[in-house]
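Next come the chains, spelled out residue by residue.
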Amino acid sequence: ESGSSKISFHLASAVSVLLLLVLLWIAQKKNFDPVKCFVRVALVTGLLYMTSVPAFRGADEELHFYRAYEISCGHLASDCRDGAGGRELPVSLWDAKPDNFKNFDFEQMGEKLKISLKPEEKEFIVFNTSALYSPVQYLPQASGILIGRLFHLPPVALVYCGRAGNLLFWILVCWLALRISKGSSLIYLIGLLPSMLHAASILSGDAVTVGCILLFVTYLIKLSYFEREKRITGHHLTILFLLGMAISLCKIVYFPICLLIFVLPRSKFRNRKRYLTATIFLVVVCILANLSWTAFSWRFLNEVNEGVNAAEQVKYILFHPVRYLGILSRTTANYFNFYLQTVVGANFCLFDTPIYIWITDCYLVLLGYLAVFHNPIEAQGYFVQKKDKGIALLALTAVFLLINTSLYVQWTPVGKAMIDGIQGRYFAPFLCLLPFFFRKRSEYRAETVTVCASILLAYPVVMTLFLKHI
């Protein structure tokens, strides 16, 4: 390391320690109440995550940047030229990206920061991967970029504007879910998992997707359990429809989560007809929205890996269903530990920045304890209905099958004995369904441990990220 790198690291370390100690002091003053502490903790730790990673060092972040930028200009769908998805964008956006993504650090980013936007000089930039996604996933990032464009900021600075919009959206959604769940320590921890804070502090659309799912699930829990005597009104259904539509438009594999609408008790509707009309209508509309965007964006889908042929792979699955189930089981068994570690955050940036395994183990142990012993439903004196557990299990199973099958079709060579491309972060929405599967058995209050852990464990993660990039 150079002398300036050492100074930078020690300075960042000192600032991080000071900020986290202040957070601990504030948390103590707030009696470690998750609702009162969350925004402060999430904002400080999220900003540390965001500033410890140079622009474009998130997975596919330059592609997310191009998509968010075009949305900030009012273009909700990408253009298609010669089978490639993209748009005429400022040349400076392309020039600002790293020459070598793996070795891009703060020093090189400083040089790229000198590149001005020059919005009038344009060329067609291809970003097939992110062109596939609906604009819903990029609205927070695009909002941040739009504000940056009003001040004529350079492209690298616009990346951070988009990141800030993404982070603020995640904090807002998790805070709302926390309020709805009456201060659940489980919801608090999900909002501050390293994997989720990292996703929220770059331009990834994962934070928007998981955030909408978390809010949808907690709002359903509130209506179904915490407000048993209240009728379901048009206001409630409108919120559920909007969240369900957002989930369906984010990613096709997650639309079965909308089936959770059936956990709403029939007794909360005026009659059986109104119940069936509302629930079935939501599911049908979500499916149609999902299929409509999929049909529209299918033109941007390219088979990038050698040996991949989506049509042939679908035929293989249909003609060999038992063999495919074996492939699915083998893949899950071989990578189960990897899924567990990465769902909470084990390898960041371009999957080249691993954090200490003891950190992920700490999060897993605490997450498991809170899920089993501090269920937000039963913590309020209610019992999860068997029907609701069945619906949640059905939704989880359907999402699991869709995630694996979509990657087997689009990413894996025909007939391969293992499924390629699966990452633990794809299963992050499963964490939102944990309240349906466990019962609270402990009277011990876990707020103090949870809040302290979320603050103290942030330090080694942030320092690992920062050290990687100096």
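Scroll up a little and you will see the structure.
Read on for a plain summary of the structure. Remember, it's a predicted structure, so these values are computed and weren't measured experimentally. (Residues numbered from 1 in each chain as written. Predicted model: local features only at pLDDT ≥ 70, side-chain atom pairs only at ≥ 80, totals over all residues. Heavy atoms only, no water.)

Moving on, we get to the overall build of the protein. A tally of regular secondary structure across the protein gives 20 helices and five strands. Taken over the C-alpha trace, the protein has a radius of gyration of 23 Å; the compact-globule value for 470 residues is 23 Å, and the two agree within 12%. Out of the 470 residues in the protein, the part that is buried amounts to 55%. Across the protein, the fraction of contacts at a sequence separation of at least 24, relative to all contacts at a separation of at least 6, is 82%. Total accessible area on the protein is roughly 20600 Å²; 64% of this is exposed by carbon and sulfur atoms. (Helix = DSSP H or I, 4+ residues; strand = E, 2+ residues; numbered from the N terminus. Rg over C-alpha atoms; globule rule 2.2 N^0.38 Å. Buried < 20%, exposed > 50% of the residue type's maximum accessible area, 1.4 Å probe, protein only. Contact = heavy atoms within 4.5 Å. Areas by Shrake-Rupley, 256 points an atom, 1.4 Å probe, with all protein chains shown as cover.)

Counting buried positions along strand β2 (residues 84-90) yields six of seven residues, so the element is predominantly enclosed. Taken together, the three bridges between strand β1 (residues 79-81) and β2 define a ladder with antiparallel strand orientation. Residue pairing for β2: Arg81 is matched across the bridge by Ala84. Linkage of β1 to β2, two consecutive antiparallel strands, is achieved through a turn of two residues, within which Asp82 is found at a positive phi near 55 degrees. Both β2 and strand β3 (residues 122-126) contribute to a ladder of five bridges, which runs antiparallel. Residue pairing across strands places Gly86 opposite Val126, the latter belonging to β3. (Pairing = 2+ DSSP bridges.)

With that settled, the discussion passes to the packing of aromatic side chains. Here the structure, examined in full by the defined rule, presents 17 aromatic pairs. Aromatic rings pair up to connect Tyr335, Phe338, Tyr339, Phe400, Phe427 and Phe430 into one cluster. Positioned above the aromatic ring of Tyr69 is the side chain of Arg149, whose terminal nitrogen or guanidinium carbon lies 5.5 Å from the ring centre. Taking NZ or CZ as reference, Arg163 lies 4.9 Å from the ring centre of Tyr160, over its face. (Phe/Tyr/Trp six-rings, centres within 6.5 Å; stacked < 30°, edge-to-face > 60°. Lys NZ or Arg CZ within 6 Å of the ring centre and 35° of its normal.)

Let us now look at helix α17 (residues 386-410). For α17, built from 25 residues, the straight-helix expectation of 36 Å at 1.5 Å per residue is met to within 8% by its first-to-last C-alpha distance of 36 Å. Among the residues of α17, those classed as buried are Asp388, Ile391, Ala392, Ala395, Val399, Phe400, Ile403, Asn404, Leu407, Tyr408 and Val409. Considering only its buried residues, α17 is in contact with α11 (206-226), α14 (310-319), α15 (321-344) and α18 (428-432). (Expected span 1.5 Å × (residues − 1).)

Turning next to the packing of α15 against α17. In a pair of packed helices, the angle between the axes and the distance between the axes together describe the arrangement. The geometry of α15 relative to α17 is characterised by a closest axis approach of 11 Å and an angle of 100 degrees between their N-to-C directions. In this view, α15 runs roughly perpendicular relative to α17, as classed from their interaxial angle. Here Tyr324, Ile327, Leu328 and Thr332 of α15 lie close against α17, whose contacting residues are Phe400, Leu401, Asn404, Thr405 and Tyr408. Of the residues contributing to the contact of α15 with α17, the split by class is six nonpolar, three polar and no charged. (Axes fitted to C-alpha atoms, helices over the stretch in contact; angles between N-to-C directions. Parallel < 35°, antiparallel > 145°, perpendicular 65-115°, else oblique. Nonpolar A, V, L, I, M, F, W, Y, C, P; charged D, E, K, R; others polar.)

Another point: the environment of Ile190. If you trace the backbone, Ile190 turns up in helix α9 (residues 185-191). Separated by 239 residues in sequence, Ile190 and Pro429 place their C-alpha atoms 10.0 Å apart. Leaving out residues up to four positions away in the same chain, Ile190 has contacts with Trp170, Met196, Leu367, Leu431 and Cys432.

Following the criterion strictly, the structure yields 16 salt bridges and no others. The salt bridge involving Arg87 is made with Glu70; its shortest N-O contact spans 2.6 Å. One end of the pair, Arg87, is in strand β2; the other, Glu70, is in helix α3 (residues 61-72), with 17 residues separating them in the sequence. Among the residues examined, Arg87 registers a relative accessible area of 10% and is labelled buried. Accessibility expressed as a relative area gives 0% for Glu70, which makes it buried. Residues Asp420 and Lys416 are paired through a salt bridge, measuring 2.9 Å at the closest nitrogen-oxygen approach. It is possible to trace a salt-bridge network through shared partners that takes in Arg67, Glu70, Asp79 and Arg87. (Salt bridge = Lys/Arg side-chain N within 4 Å of Asp/Glu carboxyl O.)

A word on the packing of helix α1 (residues 3-29) against helix α20 (residues 458-468). Closest axis-to-axis distance for the α1/α20 pair is 10 Å, and the angle between their directions is 155 degrees. Compared by their axis directions, α1 and α20 come out roughly antiparallel. Judged by the twist between their axes, the crossing of α1 over α20 is right-handed. Residues Ser8, Phe9, Ala12, Ser13, Ser16, Val17 and Leu20 of α1 pack against Ala458, Tyr459, Val462, Met463, Phe466 and Leu467 of α20. Residues that form the contact of α1 with α20 fall into these classes: 10 nonpolar, three polar and no charged. (Left-handed = near helix turned anticlockwise from the far one by under 90°.)

A word on the layout of surface pockets. Considering only enclosed or pocket space, the second largest pocket measures out at about 500 Å³ in volume. Secondary structure elements with two or more residues in the lining of the second largest pocket: α15, α16 (357-373), α17 and α18. Taken together, the residues of the lining of the second largest pocket break down into 17 nonpolar, three polar and no charged. (1 Å grid on protein atoms, 1.4 Å probe; cavity = no way out; pocket = protein on both sides within 12 Å on 5 of 7 lines; lining within 4 Å. Points joined across faces, edges and corners; volume = space filled by probe spheres on them.)

A few words now on the nonpolar core. Judged by nonpolar contacts, the single largest core of 149 residues is most densely connected at Phe65, Leu240 and Leu260. When residues in this core are grouped by element, the largest group, 15 residues, is from α11. (Core = buried A, V, L, I, M, F, W, Y, C linked by side-chain atoms within 4.5 Å.)

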